[in-house]
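# Report on the structure
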Amino acid sequence: MSLKLFDLTGKTALITGSSRGLGRAFAEGLAGAGARVILNGVSVDRLAQAAQEMRAQGFDVLTSAFDVADEAAIKAVFEQFDAEGIAVDILVNNAGIQFRKPMLELETADWQRVLDINLTAAFVVGREAAKRMAERGRGKIINIGSLTSELARATVAPYTVAKGGIKMLTKAMAAEWGEKGIQSNAIGPGYMVTDMNEALLSNPEFDAWVKGRVPMRRWGQPEELAGTCIYLASDASNYVSGQIIYADGGMISVL
Ligand code: GCO
């Protein structure tokens, strides 16, 4: 009985920004738990490659290329899902960019772009998914936060503000959509081995700082987030909402 709680057979999950990195790891985890996954990104070629690789593993994979900062495109995609009878049961708002620059040198346009992609997109895609989930009386929304949802690091202000907003957007979604049968939660990844962090991983001082700050003394691997994603996407978390779960090697919990 207990393992069935984590079975996603018959469910469809849309994961934004999922042709690589954390999003790809979420997609593989959810597919491995039985879900049909819809991969998203802006590169048709990269999506096709990712879908081919996942189908070779026996996973049920669709692709949907759209820019999460393009509201008209998002609305059109969900209308296409409606027309094709595709019900998004699980939404993982993962798409995000990083932009590292001190605020005194930061252009407003760069600030805005990070907020558009890392925060506003989660609201827009979330709203379009929740409209349909509410009609069915059930749904799972998983927003991707960060250690910077709680703590600031110099030179990543727009990312930090966006991820702090993700934490509170998650609670706002829980507040408004709980009565509609939708659970809204977030995952807070620690310092993970991803392309976005390549500049940090290849910096010996930063690498040493991370390993000194993390109780587990190492960076995390994207696949180490899959279990938390499966939990929040499954019936195992049907009475959990408004929470952010940190998968960070213990980093957020220690000085
Ligand atoms: C940075 C990193 C962080 C991590 C992650 C930590 O520049 O400090 O990109 O933002 O990627 O978000 O949770």
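Criteria and cut-off values
Residues numbered from 1 in each chain as written. Predicted model: local features only at pLDDT ≥ 70, side-chain atom pairs only at ≥ 80, totals over all residues. Heavy atoms only, no water. Pairing = 2+ DSSP bridges. Helix = DSSP H or I, 4+ residues; strand = E, 2+ residues; numbered from the N terminus. Axes fitted to C-alpha atoms, helices over the stretch in contact; angles between N-to-C directions. Contact = heavy atoms within 4.5 Å. Phe/Tyr/Trp six-rings, centres within 6.5 Å; stacked < 30°, edge-to-face > 60°. Buried < 20%, exposed > 50% of the residue type's maximum accessible area, 1.4 Å probe, protein only.

### Focus on the sheet that holds strand S5 (residues 139-144)
The strand order across the open sheet formed by 7 strands is S3-S2-S1-S4-S5-S6-S7, and the pairing between neighbours is parallel. Each end of this open sheet is capped by a strand with a single partner; those strands are strand S3 (61-65) and strand S7 (244-247). Within this sheet the neighbouring strands show an average axis-to-axis angle of 20°, counted without direction. Relative to strand S2 (residues 36-41), strand S1 (residues 12-15) is paired through 4 bridges, and the arrangement is parallel. Considered in S2, the bridge of leucine 14 is made with isoleucine 38. Those strands touched by helix H4 (residues 108-136) are S1, strand S4 (90-93), S5 and strand S6 (182-189), and its axis lies near 175° from that of S4.

### Some remarks on the packing of aromatic side chains
Tallying each qualifying case throughout the model produces 6 aromatic pairs. Centroid distance phenylalanine 206 to tryptophan 219: 6.4 Å. Interplanar angle 45°. Geometry classified as tilted. With a gap of 13 residues between them, phenylalanine 206 in helix H7 (residues 204-213) and tryptophan 219 in the loop between H7 and helix H8 (226-233) connect regions that are remote in the sequence. Judged by relative accessible area, which is 5%, tryptophan 219 ranks as buried. The structure contains a cluster of three or more aromatic residues connected by ring pairs, namely Tyr191, Phe206, Trp209 and Trp219.

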